[in-house]
Amino acid sequence: MFQSIDLNQGIRLHIRTTDQFKTINFAFKFKHELTNQSASERAVLSNVLLHSNELFPSNPAFRSHLDELYGTIMYLDSSKKGSDHFITLLAESVNEQYLSTGGVLDQVMDLLQTVLFRPNVENDAFKDSIVKREKDSVIQRIESLYDDKTRYAQQRLVELMRPNHPASIGANGTKNDVSAITTESLFAAYKSMMEEDELDIYVVGDIDVEEMTSRIKNAFQFKARSNAKQKNQHQNVEHLSVEKNEVNEYQDMKQGKLHIGYVTPVTFTHPDFPKMQITNGIFGGYPHSKLFLNVREKESMAYYVSSSFSSSYGLLFVLSGIDAGKQEKAVRLIDEQLATMQKGDISKNEIEQTVAMLKNQLKEALDSARGQIEIYDQYKDLDEAFSVEAWFKKWEVVTKEDIQETAQSIEKQLVYFLSGKGELSK
Amino acid sequence: MKELHFKQLDEKLYHEKLDNGLEVYILPKKGFSKTFVTFTTKYGSIDRTFVPFGESTEMTVPDGIAHFLEHKMFEKEDGDVFQKFSGFGASANAFTSFTRTAYLFSATDYLYENTETLLNFVQEPYFTQETVEKEKGIIGQEITMYDDQPDWRLYFGTIENMYKEHPVKIDIAGTIESIDQITAEHLYTCYETFYHPSNMLMFVVGAVNPEEMMNYIRENQNKKEFKEPKPIVRSFEPEQMEVAKTENSLYMDVQKPKVYLGIKAKETTLQGEEMMIHEMAIQLSLELIFGRSSDFYVEAYEKGWIDESYVFDFTLEKGFGFAIIGSDTSMPKELIEAVKKELQKVEEKWPYGQDDLDRVRKKKIGYFLRALNSVEFIANQFTRYAFNDMNLFEAVPALEKMTVADLQQSFASIQGEKQQTVFSILPKKEQAKS
């Protein structure tokens with residue numbers, strides 16, 4: 001799919017040439033260990049690098065330039081996966097063949113180089129007013145979680161299950177850690193990103209591979225990374241116990257948010273991962289799943305009820321919005337669906353539907369440039385080369401007994417319920 | 001079948017109007033492995049008062065019925081339609097907007113089986129009082145979910161402030177009380193009136209052979225019998241030009257205030273190319289005044305009046321239209337004053353020239369070209385454009401023709417203080433203090 005080459009130790013370039021899209025996509029993924037501090041610094045750093053640079057020292061000048069480049073999209077994104085934090089610099093520009101003017105791609109590549117290598121700094125520090133404003137923005141982003149009850153409830157569940165653990169550390173860090181950032185500490189974080197982070201560079205579009213490779217080599221001269229890791233070896237996940245199995249919290253709201261956390265030994269690098277994908281699909285991954293059919297359609301209890309598998313941490317979650325007074329019944333119904341799977345009540349039809357959906361999802365995801373980059377990036381750390389056909393085979397061989405066993409490995413750990421009930425009783 | 005070639009965009013669109021009136025469009029996309037298919041009726045939440053098919057007097061149906069009907073289409077005597085789509089590896093979905101109800105799927109295999117499922121389930125209604133009653137619990141939870149979403153409340157609060165009579169002010173899903181009145185008979189009445197093929201459009205985009213697909217759809221439709229179409233008579237109360245309320249607010253459990261300035265459009269009658277130019281001219285004007293490169297944005301961001309939630313947007317359909325500008329903000333007064341001042345300035349003296357237009361035009365052309373990578377965007381937007389007699393693929397040429405005078409002229413539709421309203425969501429803890 002992609003042609004990959006090592007540009008330097010720990011610096012890899014992955015290029016894919018295709019005429020499927022009307023745009024050319026770039027992604028630079030900088031990887032660093034995930035901690036509250038690193039996430040906070042890198043969230044603010046992403047904003048500051050996107051504010052301005054040496055050539056465009058004000059934000060409107062930078063933005064106007066992007067407008068002139070036919071609305072080229074350029075942004076930095078702060079995200080996490082497993083125990084790693086990622087800063088991703090993304091750019092998408094229109095392929096010149098659809099435009100009356102040329103030179104856009106050259107200018108976009110120049111701008112990417114500028115954003116990374118020529119930041120808006122003075123005396124080895126970012127500018128105070130910019131840092132202060134962007135710290136506020138990130139703090140507001142962290143605070144806004146509270147207004148989205150589903151995201152808030154999910155965050156609370158994971159915090160209760162895995163306090164001070166990568167699973168519960170947010171990609172934007174914490175308010176305290178963001179507040180503690182100085183112009184100097186942020187510059188140090190920038191230096192470390194540019195000089196020490198492992199880096200994967202992706203280019204997708206109607207381009208000449210050799211020409212693009214040499215242009216990237218010339219324009220982006222990153223030093224060798226001394227601490228570059230090898231591929232992710234599978235390590236067994238260690239699950240911690242929790243203090244309580246049930247936590248109820250209250251806010252001023254109408255709907256009850258039921259979030260249930262489960263643990264399983266299976267993770268992304270575990271050989272049983274494909275079995276878990278199917279097990280999760282039958283449990284609550286799709287509209288043909290047991291949760292959807294029984295909790296929503298049969299009992300009319302919920303508009304949404306679904307399960308999702310967090311493959312980095314070996315955690316599984318069920319999320320549902322229900323009437324605040326129906327917590328017990330909902331938990332019982334959800335428990336029953338898992339129990340039937342553990343007893344082996346799994347039909348051939350359910351397996352076939354789920355495999356068909358997984359296949360479709362994977363192929364569909366590859367129909368966007370971002371999808372191609374993300375999937376390749378996720379699977380590249382596995383021992384074998386990624387291919388659609390290989391994953392199709394892994395799903396096709398999974399049997400009913402495999403699914404039953406996998407379901408038996410799922411253990412409920414914590415029921416979290418956020419509702420407005422407490423307000424009413426006051 | 002007609003072939004339309006858009007050379008500049010390197011796209012070929014195939015079109016046929018079938019004997020039963022159904023408009024079918026097919027757009028093959030090279031390199032794609034998925035196909036996205038939408039089947040849409042020109043029927044949305046605003047269509048609440050109309051003359052039912054085959055009758056002569058108009059009736060008003062309970063609020064939220066178009067959305068309720070959308071839910072109920074998926075249930076058949078032999079079970080849930082999702083099951084069928086899953087069996088053929090397709091992700092199916094549907095949505096109801098102010099003006100449309102769309103049923104859709106995407107699939108990378110079994111394209112014809114899934115297309116048949118889509119055509120058949122939308123054209124074979126099955127409602128019983130029992131299944132209707134059962135759905136009320138599910139939709140009730142959907143309504144409750146939206147009730148807890150401050151951004152949704154903010155959006156609808158703003159629309160309610162602007163409109164006095166027009167049903168755009170009614171939440172698409174209705175209320176728990178309004179959906180409680182819905183019966184199976186209502187659903188059949190709405191279905192008969194609005195789901196005739198002559199009121200619908202099918203769009204197929206992605207990995208598809210246009211000739212084969214057109215034949216397949218035509219054959220499927222020729223096998224079915226439909227009544228003679230009759231013109232649909234919808235009825236709307238006259239709506240005043242100015243906003244209904246100039247200010248309103250709601251207390252919710254949020255961290256900081258959220259505020260929108262809503263601007264009610266005066267011009268809501270255009271269709272076709274005129275509408276396309278008018279709509280894009282207003283969007284470009286808003287980009288100049290409130291976009292990321294504007295003086296307004298710089299000041300508002302530096303002073304902390306806005307954060308990353310800042311939005312500005314313009315919506316236009318036949319019969320209603322509005323702009324919104326707003327953000328989460330700890331300084332709602334300052335933000336609204338600044339927005340109003342900016343609008344006042346533009347009203348007094350139009351400040352933008354050719355260079356400004358060229359810049360935002362380039363940005364918008366880039367936006368369209370980027371969006372043409374998305375089969376979902378193409379199908380949904382094409383349908384919306386077509387229902388207003390516009391062609392999505394004419395957007396770039398229309399942009400190229402746009403003049404500064406167009407911007408200035410169209411912008412007049414959202415000028416004037418009487419068009420403006422403010423809606424805010426305020427933190428409950430502030431209510432307790434006051």
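Residues numbered from 1 in each chain as written. Chains lettered and ligands numbered in written order. Predicted model: local features only at pLDDT ≥ 70, side-chain atom pairs only at ≥ 80, totals over all residues. Heavy atoms only, no water.

(A) Representation of the overall build of chain A. Counting secondary structure elements, chain A contains 16 helices and 13 strands. Taken over the C-alpha trace, chain A has a radius of gyration of 24 Å; the compact-globule value for 426 residues is 22 Å, and the two agree within 12%. Split into buried and exposed, the 426 residues of chain A put 58% on the buried side. Restricting the contact set of chain A to residue pairs at least 6 apart, pairs at least 24 apart contribute 81%. As presented, chain A carries roughly 17,600 Å² of accessible surface, and 45% of it is formed by carbon and sulfur atoms. Charge centroids of chain A, computed over 49 positive and 62 negative side chains, lie 4 Å from each other. (Helix = DSSP H or I, 4+ residues; strand = E, 2+ residues; numbered from the N terminus. Rg over C-alpha atoms; globule rule 2.2 N^0.38 Å. Buried < 20%, exposed > 50% of the residue type's maximum accessible area, 1.4 Å probe, protein only. Contact = heavy atoms within 4.5 Å. Areas by Shrake-Rupley, 256 points an atom, 1.4 Å probe, with all protein chains shown as cover. Lys, Arg positive; Asp, Glu negative; His and termini not counted. Charge placed at Lys NZ, Arg CZ, Asp CG, Glu CD.)

(B) Region of interest: the overall build of chain B. A count of helical and extended segments in chain B gives 16 helices and 16 strands. Relative to the 2.2 N^0.38 estimate, which gives 22 Å for 434 residues, the radius of gyration of chain B is 23 Å and therefore close to what a compact globule would have. Based on the C-alpha atoms only, the size of chain B along its principal axes is roughly 65 × 55 × 40 Å. Taken over 434 residues, chain B has a buried fraction of 60%. The long-range fraction of contacts in chain B, counting pairs at least 24 apart against all pairs at least 6 apart in sequence, stands at 80%. Accessible surface, chain B as shown: approximately 17,500 Å² in total, 47% of it carbon and sulfur. Of the charged side chains in chain B, 49 are positive and 71 negative, and the gap between their average positions amounts to 4 Å.

(C) Structural context of the nonpolar core. Judged by nonpolar contacts, the single largest core of 137 residues is most densely connected at Phe26(A), Phe28(A), Met74(A), Phe203(B) and Phe393(B). Listed in part, the 51 residues of the second largest apolar core include Phe50(B), Phe85(B), Tyr103(B) and Phe105(B). (Core = buried A, V, L, I, M, F, W, Y, C linked by side-chain atoms within 4.5 Å.)

(D) Inspection of unusual backbone geometry at higher detail. In this structure, Asn164(A) is a non-glycine residue whose phi angle is positive, near 50°. Considering the arrangement of structural elements, one finds Asn164(A) in the loop between helix H5 (149–161) and helix H6 (175–179). Residue Asn164(A) is classed as exposed on the basis of its relative accessible area, which comes to 73%. The phi angle at Tyr110(B) is positive, at roughly 50°, despite the residue not being glycine. Relative to the assigned elements, Tyr110(B) resides in the loop between strand E10 (101–107) and helix H3 (111–123). Classification of Tyr110(B) as partly exposed rests on a relative accessible area of 40%.

(E) Structural context of the interface of chain B and chain A. On the chain A side, the residues contacting the 58 residues of chain B number 58 residues. For the chain B face of the interface with chain A, the top three residues by lost area are Gln141(B), Asp253(B) and Arg370(B), together amounting to 12%. In this assembly, chain B and chain A are joined by 10 salt bridges. Between Arg141(A) and Glu308(B) there is a salt bridge, and its shortest N-O distance comes to 2.6 Å. (Buried area = accessible area lost by both parts, 1.4 Å probe. Salt bridge = Lys/Arg side-chain N within 4 Å of Asp/Glu carboxyl O.)

(F) Expanded view of the sheet that holds strand E9 (residues 91–96) of chain B. Taking strand neighbours across the sheet as the criterion, the seven strands line up as E1-E2-E3-E11-E4-E10-E9 (chain B) in an open arrangement whose pairing is mixed. Taken across any chain shown, the strands that pair with only one partner, and hence form the sheet edges, are strand E1 (2–6) and E9 of chain B. For this sheet the average axis-to-axis angle between neighbouring strands, irrespective of direction, equals 15°. Here strand E3 (residues 23–28) of chain B pairs with strand E11 (residues 200–206) of chain B via six bridges, running parallel. Looking at the pairing, Tyr25(B) lines up with Phe203(B) of E11(B). Sheet strands in contact with helix H12 (residues 348–365) of chain A are E9 and E10 of chain B, and its direction is about 90° off that of E10(B). (Pairing = 2+ DSSP bridges. Axes fitted to C-alpha atoms, helices over the stretch in contact; angles between N-to-C directions.)

(G) Region of interest: the environment of Ser4(A). Residue and element names in this part refer to chain A. In this fold, Ser 4 is placed in strand E1 (residues 3–8). Along the primary structure Ser 4 and Val 237 are separated by 233 residues, whereas in three dimensions their C-alpha atoms are 30 Å apart. Within polar-contact distance, the side chain of Ser 4 engages the side chain of His 14 at 2.7 Å. Of the polar contacts made by the side chain of Ser 4, one reaches the side chain of Tyr 376; its length is 3.0 Å. (Polar contact = N/O pair within 3.5 Å; in protein donor to acceptor, adjacent residues only side chain to side chain.)

(H) How the structure looks around the pairing of strand E5 (residues 84–94) of chain A. Residues and elements named next belong to chain A. Among the 11 residues of E5, 11 are classified as buried, and the element is accordingly described as predominantly covered. In E5, alternate side chains face the same way, and those of Asp 84, Phe 86, Thr 88, Leu 90, Glu 92 and Val 94 on one face and His 85, Ile 87, Leu 89, Ala 91 and Ser 93 on the other are all buried. Note that strand E4 (residues 73–81) and E5 share nine bridges and pair antiparallel. Note that in E5 the partner of Lys 81 across the bridge is Asp 84.

(I) Inspection of the pattern of salt bridges at higher detail. Summed over the entire model, instances satisfying the criterion amount to 61 salt bridges over all chains. Among the salt bridges present, the one from Lys81(A) reaches Asp377(A), with a minimum N-O distance of 3.8 Å. Note that Lys81(A) is positioned in strand E4 and Asp377(A) in helix H13 (residues 369–379), a separation of 296 residues in sequence. The class of Lys81(A) is partly exposed, set by a relative accessible area of 32%. Judged by relative accessible area, which is 3%, Asp377(A) ranks as buried. Arg218(B) is the salt-bridge partner of Glu16(B), the closest N and O atoms lying 2.8 Å from each other. Of this pair, Glu16(B) sits in strand E2 (residues 11–17) while Arg218(B) sits in helix H8 (residues 210–222), and the two are 202 residues apart along the sequence. Take Arg218(B): its relative accessible area is 26%, and that puts it in the partly exposed class. Here the salt bridges do not stand alone but share partners, grouping Arg12(A), Lys81(A), Glu198(A), Asp200(A), Asp377(A), Lys380(A) and Asp381(A) into one network.

(J) Layout of empty space enclosed by the protein. The final tally for this structure, using the stated rule, is three cavities of 30 Å³ or more. Its boundaries defined by the atoms lining it, the largest cavity holds a volume of some 70 Å³. Gly44(B), Ser45(B), Asp47(B), Arg48(B), Pro62(B), Asp63(B), Gly64(B), Ile65(B), Ala66(B), Ile170(B), Asp171(B) and Ile172(B) together form the lining of the largest cavity. Split by residue class, the lining of the largest cavity holds five nonpolar, three polar and four charged. Taken as a whole, the second largest cavity spans an internal volume of roughly 50 Å³. For the second largest cavity, the full set of lining residues is Gln140(A), Glu143(A), Ser144(A), Asp147(A), Gln255(B), Lys256(B), Asp307(B) and Asp328(B). Its residues assigned to classes, the lining of the second largest cavity comprises no nonpolar, three polar and five charged. (1 Å grid on protein atoms, 1.4 Å probe; cavity = no way out; pocket = protein on both sides within 12 Å on 5 of 7 lines; lining within 4 Å. Points joined across faces, edges and corners; volume = space filled by probe spheres on them. Nonpolar A, V, L, I, M, F, W, Y, C, P; charged D, E, K, R; others polar.)

(K) Expanded view of helix H3 (residues 104–117) of chain A. Relative to the 20 Å expected for 14 residues at 1.5 Å per residue, H3(A) spans 20 Å between its end C-alpha atoms, a close match to the ideal helical length. Where H3(A) is concerned, the buried positions are Val104(A), Leu105(A), Val108(A), Met109(A), Leu111(A), Leu112(A), Thr114(A), Val115(A) and Leu116(A). (Expected span 1.5 Å × (residues − 1).)

(L) View of the pairing of strand E8 (residues 198–205) of chain A. Residues and elements named next belong to chain A. Most of E8 sits inside the fold, with eight of its eight residues counted as buried. With seven bridges joining them, strand E2 (residues 11–17) and E8 adopt parallel strand pairing. Bridge pairing in E8 places Thr 17 opposite Gly 205. Bridge analysis of strand E3 (residues 23–33) against E8 gives seven bridges, and the strand direction is antiparallel. Each bridged residue has a counterpart across the sheet, and for Phe 26 the counterpart in E8 is Val 203.

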